[in-house]
Amino acid sequence: YRLVGSSRQTHAGFVHLYVRRSWQASVEHLPSEVPGVAGVIVVNDVRVVVVAVHLEPTHLGAALRGKQLRGALHGRDNDTVVIMGDMNMVEKDATERVRHHALGEAVYDGLSWNPRVSRYLEWDAEGQPERGQQYDRVWFRGSIFAYAYLVGNSRQFVDGQAFVLSDPFGVLALASV
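Note that this is a predicted model, so its numbers are computed, not measured.

Asks: For this particular structure, what's the right way to read the sheet that holds strand β6 (residues 80-86)?
Replies: Hydrogen bonds along the backbone pair up the strands of a sheet, which may run parallel or antiparallel. Read from one edge to the other, the open sheet built from six strands follows the order β3-β4-β5-β6-β8-β7, with strand pairing classed as mixed. Strand pairing shows two members of the sheet lacking a second neighbour, β3 (25-28) and β7 (104-105), which therefore form its edges. Note: strand β5 (residues 46-54) against β6, seven bridges, orientation parallel. Note on β6: the bridge partner recorded for V53 is G85. Relative to β6, helix α1 (residues 62-73) is tilted by about 145°, and along the sheet it contacts β5, β6 and β8 (136-141). In the packing of helix α2 (residues 91-100) onto the sheet, the strands contacted are β7 and β8, and the crossing angle to β8 comes to about 15°.

Written as structure tokens, this is what we have:
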């Protein structure tokens, strides 16, 4: 794989976009309010804009997430687009955004952010581990369809210590153009 580009610093660090080494890719401009990076690849003579994001977190960030998503999709009404990453949206909000922007979703089984399994715990008001969410998503529009799978969610053991590789867990999408 090779790096196409990386974002400016976001609330959670940087967002990177990598593609297969054999693919030709170029960086695509994103508005400054979008915490992510975009690139263009051509697959089967179809121009595909791939946008990797890490949208604003928490329930207080809903309006800003909407603005960030609109910015990521701005001017791309006729493009084949994949937008992927940490959307930081609960199911109801994500469903509304997908419908509003006429996107498809590469659904998967399980929860990408799951403190009860990862044991990187966040606590609710009652002192219980927070319920997990599918914050990490893959959305698409145009001449593309995708399926997604939750990956990296099994516990590893080293020197008698159990851990998971990442929190949130990875989401792998397979796309057909």
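Asks: Whenever I open this one, the pattern of salt bridges confuses me. Can you help?
Replies: Oppositely charged side chains can form a pair if their charged atoms are brought close together. Counting across every chain of the model gives seven salt bridges. The partner of E28 in a salt bridge is R47, and the shortest N-O contact between them spans 3.2 Å. Of the two residues, E28 sits in strand β3 while R47 sits in strand β5, which places them 19 residues apart along the sequence. R65 is paired through a salt bridge with D93; the nearest N and O atoms lie 3.9 Å apart. With R65 in helix α1 and D93 in helix α2, this residue pair connects regions lying 28 residues apart in the sequence. Accessibility assignment for this pair places R65 and D93 in one class, buried. Bridged by salt links that share partners, the residues E28, R47, R76 and D79 form one connected network.

Asks: Honestly, the layout of surface pockets in this entry has me stumped. Any pointers?
Replies: Gaps left between atoms show up when a probe the size of a water molecule is rolled over them. The space that makes up the largest pocket amounts to roughly 1,200 Å³. In terms of lining, the largest pocket is formed by 37 residues, of which the most central are L17, Y18, M84, V171 and A173. For the lining of the largest pocket, the secondary structure elements donating two or more residues are β2 (16-19), β4 (36-43), β5, β6, β8 and β12 (170-176). A total of seven residues in the lining of the largest pocket trace back to one element, the largest contributor, which is β12.

Asks: For this particular structure, what's the right way to read unusual backbone geometry?
Replies: When glycine is set aside, most residues are seen to have a negative phi, and most peptide bonds are trans. Positive phi outside glycine occurs at A102, with the angle close to 55°. Its location among the elements puts A102 in the loop between α2 and β7. The phi torsion at D159 lies on the positive side, around 55°, for a residue other than glycine. Residue placement: D159 occurs in the loop between β10 (156-158) and β11 (161-163). Exposure remark for D159: the relative accessible area of 77% places this residue in the exposed category.

Asks: What is the right way to look at the side chain of S7 in this model?
Replies: Among the secondary structure elements, S7 is positioned in the loop between β1 (2-6) and β2. For S7, a relative accessible area of 8% puts it in the buried group. Those residues in contact with S7 that lie beyond four places of it in its chain are F14, V15, G36 and V37.

Asks: Looking at this structure, I do not really get the pairing of β2. What am I missing?
Replies: Looking down a regular strand, the side chains alternate between one sheet face and the other. Residues L17 and V19 point to one face of β2 and are all buried, whereas H16 and Y18, pointing to the other face, are not buried. Sheet analysis places β1 next to β2, joined by four bridges and oriented antiparallel. Note that in β2 the partner of R2 across the bridge is V19.

Asks: Which parts of the structure should I look at to understand α1?
Replies: Three- or four-residue spacings in an α-helix give side chains the same orientation, since the helix completes a turn every 3.6 residues. End to end, α1 covers 17 Å across 12 residues, agreeing with the expected 16 Å (1.5 Å per residue, within 8%). In this structure, the buried side of α1 is in contact with β5, β6, α2 and β8. Once α1 finishes, G75 follows within two positions and takes phi at roughly 75°, a positive value.

What counts and what doesn't
- Residues numbered from 1 in each chain as written.
- Predicted model: local features only at pLDDT ≥ 70, side-chain atom pairs only at ≥ 80, totals over all residues.
- Heavy atoms only, no water.
- Pairing = 2+ DSSP bridges.
- Helix = DSSP H or I, 4+ residues; strand = E, 2+ residues; numbered from the N terminus.
- Contact = heavy atoms within 4.5 Å.
- Axes fitted to C-alpha atoms, helices over the stretch in contact; angles between N-to-C directions.
- Salt bridge = Lys/Arg side-chain N within 4 Å of Asp/Glu carboxyl O.
- Buried < 20%, exposed > 50% of the residue type's maximum accessible area, 1.4 Å probe, protein only.
- 1 Å grid on protein atoms, 1.4 Å probe; cavity = no way out; pocket = protein on both sides within 12 Å on 5 of 7 lines; lining within 4 Å.
- Points joined across faces, edges and corners; volume = space filled by probe spheres on them.
- Expected span 1.5 Å × (residues − 1).

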